[in-house]
Amino acid sequence: MCGIIGYTGFRPACSILLEGLGRLEYRGYDSAGILVSQDGELVTIKAKGRLDSLRQKIGDHPPVGTSGMGHTRWATHGEPSDENSHPHGTKNLALVHNGIIENYIELKRGLIEKGYQFLSQTDTEIAAATMDLNYDGDPVSTIAKSLRQIEGSYAFVIMFRDFPDTVYAVRKDGPLLVAPGDGENFVVSDLTAAIGYTNRYFTLDEGEIAVLTRDSVRVVDLDGNPVEKTERTVGWSIEQAQKDGFEHFMLKEITEQPAALRNTIHPRIKNGLPSFSYDQIPEGFFASFDRIQIVACGTAMHAGLVGKAVIEQVARIPVEVEVASEFRYRNPILGKRTLVVVISQSGETADSLAALRLARSLGVTTLAVVNVAGSSIAREADYVIHTHAGPEISVASTKAYSVQVSALYLLAFSFGLAVKRIDEEEAAALVSKLEGAVDAVGAALDKAPELEQAAKRFSDVQSLFFLGRGLDWALANEGSLKLKEISYIHCEAYAAGELKHGTISLITEGIPVIALATQQRLMGKMVSNIKEVKARGADVLLIAKSDETVSHDVADTLVALSPIDDLFMPFPAVVLLQLIAYYTAKERGCDIDKPRNLAKSVTVE
Ligand code: M6R
């Protein structure tokens, strides 16, 4: 996820772009760059690191001009560096990009054959060269032709050397708004970047090209036909808008899960089957292991617990999951055919990094599932799967968890195919169910009002229990961590059948219990466990697969999901747990995005 801005008007473009990028920096801060049209020349300045590095580089000599574009980068393809920073320029044009070009390797091959050379490792430079190759003197037809060749998600702002004061913009999946002003026009990833100058905007739709000059905004389709757009206005403050109108980054990130999941899953599906060619994982890889060791911390470790259940069920390969801080000090036994999988959002967690290094020193193959490209774990693992959750700003991890789990499902299907536990038809059916689970996540988000209501009764409790069996037990662990992390309520997650072996003595009148029952096969047993705690006075909130699978009087409150295959229920179910944690913390007046004693990336042991 990156932030982009285009401007043409009457004000000094450099300062408008820097101000806008400042408001977009939450979208990524690996590098930043601007381009200003100065006396007909497209002058580019870019720098690795935060926007301040770019500001320092520009210093007291800003390029002079009233049109330009800017970019703040969250690295996906290619490490953070000056070369990989946007804008990327060619003989005829320059552009900034937010998104992922999925067929960039194929496009690159063709471009190299035509004599193109590349300075960066980015997919964006390939898009720029593709447009350059197609350039016919008409920017609109050039862009249209190129978009027919480019696959993936993108929001592009493009400027052509022959038309130095005109800004062109297109999008597919990535956000991009056109914000018309008076005698000046903007195109921005979100309105925060223009809100100081205009509150008018419209969304650009897929297959539309916006053409901005100082005095006009025109939108055409890919055949050059004019498109009418309806303008809207907003009354946000800049502060609110930086969170896209959400009160907290956590809630914003919870709602971003469908998009994050799609961005992570889609590049890894080819012809309906799981494929990790996108991550350069070789064909033979998945048949090379007879044991898998997952190592991670916190929420990432909980994603591993779901992954274990799914890999073992689909591929019948034994999987162990361990917290990194224990794994690294216990002299683990790892064979030649063991794969160590390290899961980390930040890619910088000290214990996970140390566990990875230990595994490598013992000569075993390592695979990292990492959200931050260019991070230490991503750099040091033998193989890397980059999840595409985008920057996760709230300390409580939500969307990063879901995308980690989705990557583990695709891994499970690939292992299953490689060891012939499933055939292609079964793998394709699983992949399609995984895609369906993303829609179920969207439906789970609609349950927010019910959970906000339910959370009211947890706001002053001292202690709370989460119960589940199988996949629901893995989820219970995550629900418990999320709630204690941001609401400071003491919680415990228990395997529902284990409670009666000691801990049930803590269940007294009014103790809240959140029970998960999303697994049809285990429903009868789960209902018995709920009755055991109810009989001792517990106040039970039940999250069930659907309201038809369980009798309504089993619990005090029932929140029912839309049913999908049991194996995929963790995707919608975790959303409810995240929302319970969020609304409970909100009710208690906690600092949700920055809970006490915590840091987003734990780089100490
Ligand atoms: O960046 P990582 O995924 O390696 O971080 C691991 C944990 O520190 C992290 O998941 C932590 O548990 C979250 N704050 C929980 O919401």
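Residues numbered from 1 in each chain as written. Predicted model: local features only at pLDDT ≥ 70, side-chain atom pairs only at ≥ 80, totals over all residues. Heavy atoms only, no water.

Asks: Tell me about the overall build of the chain, and please be specific about residues and values.
Replies: When you go through the chain residue by residue, the secondary structure sums to 18 helices and 26 strands. At 25 Å, the chain has a C-alpha radius of gyration in line with the 25 Å of a compact globule built from 605 residues. Based on the C-alpha atoms only, the size of the chain along its principal axes is roughly 80 × 55 × 45 Å. Taking all 605 residues of the chain together, the buried fraction comes to 60%. (Helix = DSSP H or I, 4+ residues; strand = E, 2+ residues; numbered from the N terminus. Rg over C-alpha atoms; globule rule 2.2 N^0.38 Å. Buried < 20%, exposed > 50% of the residue type's maximum accessible area, 1.4 Å probe, protein only.)

Asks: Any chance you could break down the packing of aromatic side chains for me, citing the residues and the numbers?
Replies: The tally for this structure, following the rule as stated, stands at 15 aromatic pairs. Ring geometry for Tyr135 versus Phe160: centroids 5.5 Å apart, planes at 25 degrees, classification stacked. Taken together, the residues Tyr135 in the loop between helix H4 (123-134) and helix H5 (139-147) and Phe160 in strand E7 (residues 152-160) connect sequence positions 25 residues apart. Its relative accessible area of 17% is what places Tyr135 among the buried residues. Plain terms: the ring middles of Phe286 and Phe415 are 5.1 Å apart, the flat faces sit at 75 degrees to each other, and that makes the pair edge-to-face. (Phe/Tyr/Trp six-rings, centres within 6.5 Å; stacked < 30°, edge-to-face > 60°.)

Asks: Describe in detail the site of the ligand, supporting the description with residues and values.
Replies: Near the ligand, the surroundings consist of 15 residues, among which Ser344, Gln345, Ser346, Thr349 and Glu485 are the closest. Take Thr349: an N or O atom from its side chain is 2.4 Å from an oxygen atom of the ligand. Within the contact set of the ligand, an oxygen atom lies 2.7 Å away from a side-chain nitrogen or oxygen of Glu485. Against a free-state accessible area of 420 Å², the protein chains account for coverage of 91% of the ligand. When contributions to the shell around the ligand are tallied by element, the ones reaching two or more residues are helix H9 (298-315) and helix H16 (471-487). Along the lines of polarity and charge, the residues of the shell around the ligand split into 6 nonpolar, 7 polar and 2 charged. (Near = heavy atom within 4 Å. Polar contact = N/O pair within 3.5 Å; in protein donor to acceptor, adjacent residues only side chain to side chain. Areas by Shrake-Rupley, 256 points an atom, 1.4 Å probe, with all protein chains shown as cover. Nonpolar A, V, L, I, M, F, W, Y, C, P; charged D, E, K, R; others polar.)

Asks: Tell me about the packing of helix H13 (residues 399-418) against helix H18 (residues 570-587), and please be specific about residues and values.
Replies: The relative placement of two packed helices comes down to the angle between their axes together with the axis-to-axis distance. Packing of H13 against H18 leaves a shortest axis separation of 11 Å and a crossing angle of 165 degrees. The orientation of H13 with respect to H18, classified from their angle, is roughly antiparallel. Judged by the sense of rotation from one axis to the other, the crossing of H13 with H18 is right-handed. Residues Tyr401, Ser402, Val405, Ser406 and Tyr409 of H13 lie in contact with H18, whose contacting residues are Pro570, Phe571, Val574 and Gln578. A per-class count over the contact of H13 with H18 returns 6 nonpolar, 3 polar and no charged. (Axes fitted to C-alpha atoms, helices over the stretch in contact; angles between N-to-C directions. Parallel < 35°, antiparallel > 145°, perpendicular 65-115°, else oblique. Left-handed = near helix turned anticlockwise from the far one by under 90°. Contact = heavy atoms within 4.5 Å.)

Asks: Before we move on, can you summarise the pattern of salt bridges with the specific residues and values?
Replies: Counted according to the given criterion, the structure contains 27 salt bridges. One salt bridge in this structure joins Arg11 and Glu184, with 2.7 Å as the shortest N-O distance. Taken as a pair, Arg11 in the loop between strand E1 (3-8) and helix H1 (13-24) and Glu184 in the loop between strand E9 (177-180) and strand E10 (185-188) lie far apart in primary sequence, 173 residues in all. Classification of Glu184 as buried rests on a relative accessible area of 2%. The residue Asp279 makes a salt bridge to Arg268 at a minimum N-O spacing of 2.6 Å. On the criterion of sequence distance, the pair formed by Asp279 in the loop between strand E16 (273-274) and strand E17 (291-296) and Arg268 in the loop between helix H8 (257-265) and strand E15 (269-270) is long-range, its members being 11 residues apart. (Salt bridge = Lys/Arg side-chain N within 4 Å of Asp/Glu carboxyl O.)

Asks: Help me get a handle on the nonpolar core, residues and values and all.
Replies: Core analysis: the largest hydrophobic core is formed by 96 residues, its most contacted members being Tyr409 and Phe413. When residues in this core are grouped by element, the largest group, 12 residues, is from H18. With near-sequence residues (within four places) excluded, Tyr409 lies in contact with Val306, Val310, Leu434, Leu567, Phe568, Pro570 and Phe571. Listed in part, the 28 residues of the second largest apolar core include Ile101, Leu107, Ala128 and Met131. (Core = buried A, V, L, I, M, F, W, Y, C linked by side-chain atoms within 4.5 Å.)

Asks: Report on a negative patch on the surface, specifying residues and quantitative values.
Replies: On the surface, Asp423, Glu424, Glu425 and Glu426 cluster together into a negatively charged patch. Examined against the element boundaries, Glu424 turns out to sit in helix H14 (residues 424-445). (Patch = residues over 30% accessible without salt bridge, like charges linked within 9 Å, V, L, I, M, F, W, Y side chains within 5 Å. Lys, Arg positive; Asp, Glu negative; His and termini not counted. Charge placed at Lys NZ, Arg CZ, Asp CG, Glu CD.)

Asks: Run through the pairing of E10, naming residues and quoting values.
Replies: The alternating pattern of E10 places Asn185 and Val187 on one face and Phe186 and Val188 on the opposite face, and all of these are buried. Bridging between E1 and E10 involves 4 bridges; their strand directions are antiparallel. Bridge pairing links Gly6 to Val187 in E10. By the bridge criterion, 4 bridges tie E9 to E10 in an arrangement that is antiparallel. Bridging across to E10, Pro180 finds its partner in Asn185. Taking the residues that link successive antiparallel strands as the turn, the E9-E10 hairpin has 4 residues, and the phi of Gly183 there is positive, at about 70 degrees. (Pairing = 2+ DSSP bridges.)

Asks: Requested: an account of the environment of Leu598, with residues and values cited.
Replies: Structurally, Leu598 can be placed in the segment after H18. You can call Leu598 partly exposed: its relative accessible area is 42%. Each C-alpha atom, one on Leu598 and one on Lys243, is 21 Å from the other, the two residues being 355 residues apart in sequence. Apart from the residues lying within four places of it in its own chain, the contact partners of Leu598 are Val395 and Glu485.

Asks: Lay out helix H15 (residues 448-455) in plain terms, naming residues and giving numbers.
Replies: Among the residues making up H15, those that are buried are Ala448, Leu451, Ala454 and Ala455. The arc that holds the buried residues of H15, viewed along the axis, is 125 degrees, so those residues lie on one side. Summarising the geometry of H15, the exposed residues directed more than 90 degrees from the buried face are Pro449 and Gln453. Residues of H15 that are buried sit in contact with H14, strand E25 (539-544), strand E26 (557-560) and H18. (Arc of directions from axis to C-beta.)

Asks: Break down H4 for me, with residues and values.
Replies: For H4, built from 12 residues, the straight-helix expectation of 16 Å at 1.5 Å per residue is met to within 8% by its first-to-last C-alpha distance of 17 Å. Of all the 12 residues making up H4, 11 are buried; the element is thus mostly covered by neighbouring parts of the structure. Burial in H4 covers these residues: Asp123, Thr124, Glu125, Ile126, Ala127, Ala128, Ala129, Thr130, Met131, Asp132 and Asn134. On its buried side, H4 packs onto strand E5 (88-89), strand E6 (93-101), helix H3 (104-113), H5 and E7. Where H4 starts, the residue carrying a side-chain oxygen 3.1 Å from the main-chain nitrogen of Glu125 turns out to be Thr122. (Expected span 1.5 Å × (residues − 1).)

Asks: Break down the packing of H3 against H4 for me, citing the residues and quoting the values.
Replies: For the pair H3 and H4, the least separation of the axes is 10 Å and the interaxial angle reads 50 degrees. Judged on the interaxial angle alone, H4 and H3 are oblique. The two elements H3 and H4 cross, and the hand of that crossing is left-handed. Residues Tyr104, Leu107, Lys108 and Leu111 of H3 pack against Asp123, Ile126, Ala129, Thr130 and Leu133 of H4. Looking at side-chain class alone, the contact of H3 with H4 contains 6 nonpolar, 1 polar and 2 charged residues.

Asks: Requested: an account of the sheet that holds E26, with residues and values cited.
Replies: Spatially, 5 strands are ordered E23-E22-E24-E25-E26 in an open sheet, and the strand pairing comes out parallel. Each of the sheet's edge strands pairs with one partner strand only, and the pair in question is strand E23 (490-495) and E26. Strand-to-strand twist across the sheet, computed as the mean angle between neighbouring axes with direction ignored, equals 20 degrees. Strand direction decides the pairing type here: strand E22 (residues 463-468) and strand E24 (residues 512-517), joined by 3 bridges, are parallel. Residue pairing for E24: Phe466 is matched across the bridge by Ile514. Across the sheet, helix H17 (residues 523-534) touches E22, E24 and E25, and the angle it forms with E24 is around 170 degrees. Here H18 sits on the sheet and contacts E22, E24, E25 and E26; the angle it forms with E25, its principal contact strand, is near 145 degrees.

Geometry only, nothing functional implied.
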